[in-house]
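# Reading the structure
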Amino acid sequence: MFWQEIQKGFAAMSPLEILGTITGLASVWLTVRRNIWCWPIGLISVVAYAILFYQVKLYADAGLQVFFFVTSIQGWYWWLKGSNSGGELPVTRLTAQQQLILALVTIVCVAIVGWAFMSYTDAHLPFWDAAAAGVSVTAQAIMLRKKIECWPLWLGVDVLYVGIYIYKKLYLTAGLYAIFLVLAAIGWQEWIQAEKAQSSDDRVPAR
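This structure is a prediction, so every number in the text was calculated from the model and none was measured.

## Remarks on helix H4 (residues 59-81)
Spanning 23 residues, H4 covers 33 Å between terminal C-alpha atoms, matching the ideal 33 Å at 1.5 Å per step. Three or more residues of H4 are buried, namely Ala 60, Asp 61, Ala 62, Leu 64, Gln 65, Phe 68, Thr 71, Ser 72, Gly 75 and Trp 79.

## Some remarks on the nonpolar core
Judged by nonpolar contacts, the single largest core of 46 residues is most densely connected at Phe 53, Cys 150, Trp 151, Trp 154, Tyr 161, Tyr 165 and Trp 191. Those elements that provide at least two residues to this core are helix H2 (15-32), helix H3 (38-55), H4, helix H6 (126-143), helix H7 (150-167) and helix H8 (171-203). Setting aside residues up to four positions removed in sequence, Trp 151 forms contacts with Thr 31, Val 32, Leu 183, Ala 184, Gly 187, Trp 188 and Trp 191.

## As for the packing of helix H5 (residues 96-120) against H6
Here H5 crosses H6 at 145°, and the two axes come no closer than 8 Å. The hand of the H5/H6 crossing is right-handed. For the pair formed by H5 and H6, the contact residues are Leu 102, Thr 106, Val 110, Ala 111, Val 113, Gly 114, Trp 115, Phe 117 and Met 118 on the first element and Pro 126, Phe 127, Ala 130, Ala 131, Gly 134, Val 135, Thr 138 and Ile 142 on the second. Per-class residue counts for the contact of H5 with H6 are 13 nonpolar, 4 polar and no charged.

What counts, and where the lines are drawn
Residues numbered from 1 in each chain as written. Predicted model: local features only at pLDDT ≥ 70, side-chain atom pairs only at ≥ 80, totals over all residues. Heavy atoms only, no water. Helix = DSSP H or I, 4+ residues; strand = E, 2+ residues; numbered from the N terminus. Expected span 1.5 Å × (residues − 1). Buried < 20%, exposed > 50% of the residue type's maximum accessible area, 1.4 Å probe, protein only. Core = buried A, V, L, I, M, F, W, Y, C linked by side-chain atoms within 4.5 Å. Contact = heavy atoms within 4.5 Å. Axes fitted to C-alpha atoms, helices over the stretch in contact; angles between N-to-C directions. Left-handed = near helix turned anticlockwise from the far one by under 90°. Nonpolar A, V, L, I, M, F, W, Y, C, P; charged D, E, K, R; others polar.

See the structure below:
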């Protein structure tokens, strides 16, 4: 029965879900590689999923795509010109104080948004949807500045979304987020190595 449902879900996939899946996968892989093309390709995925999520009443996720659209344009600029020297932005870490503030703000916002969607809309899975969307906002915000801590947050988000999308029978999107889960683990390690390489370069005396 389960596999029959999956087959039906794949057969009913919309062009929007296919487009969002392909471009989303390409965008995350390019992000792992710190390639600037992750942003324009990601914009295509964002638009496709904004429409799709609105159609299936995942309103928090639909609204999240608007945030992703704006911040993708910001990220595109910052990755090019965001360093103090005006060059490519380096990989860095959050301070302990920044981590605490972001955690508290995220928890409060998730609670408020989840309650609002549960009380005033016909949204499905309001608190789970709000939690995944809220953590995504935090992860995206710090990814714009190439903070390593974005990757463990994306890992948690991807686990939530796999469950949500299976429940909503968006099987291709659930599979996409399962791949994102693996890519987030790879990205975490890649960015740690990039930070170490930067530190080594900084210690090399100029000749």
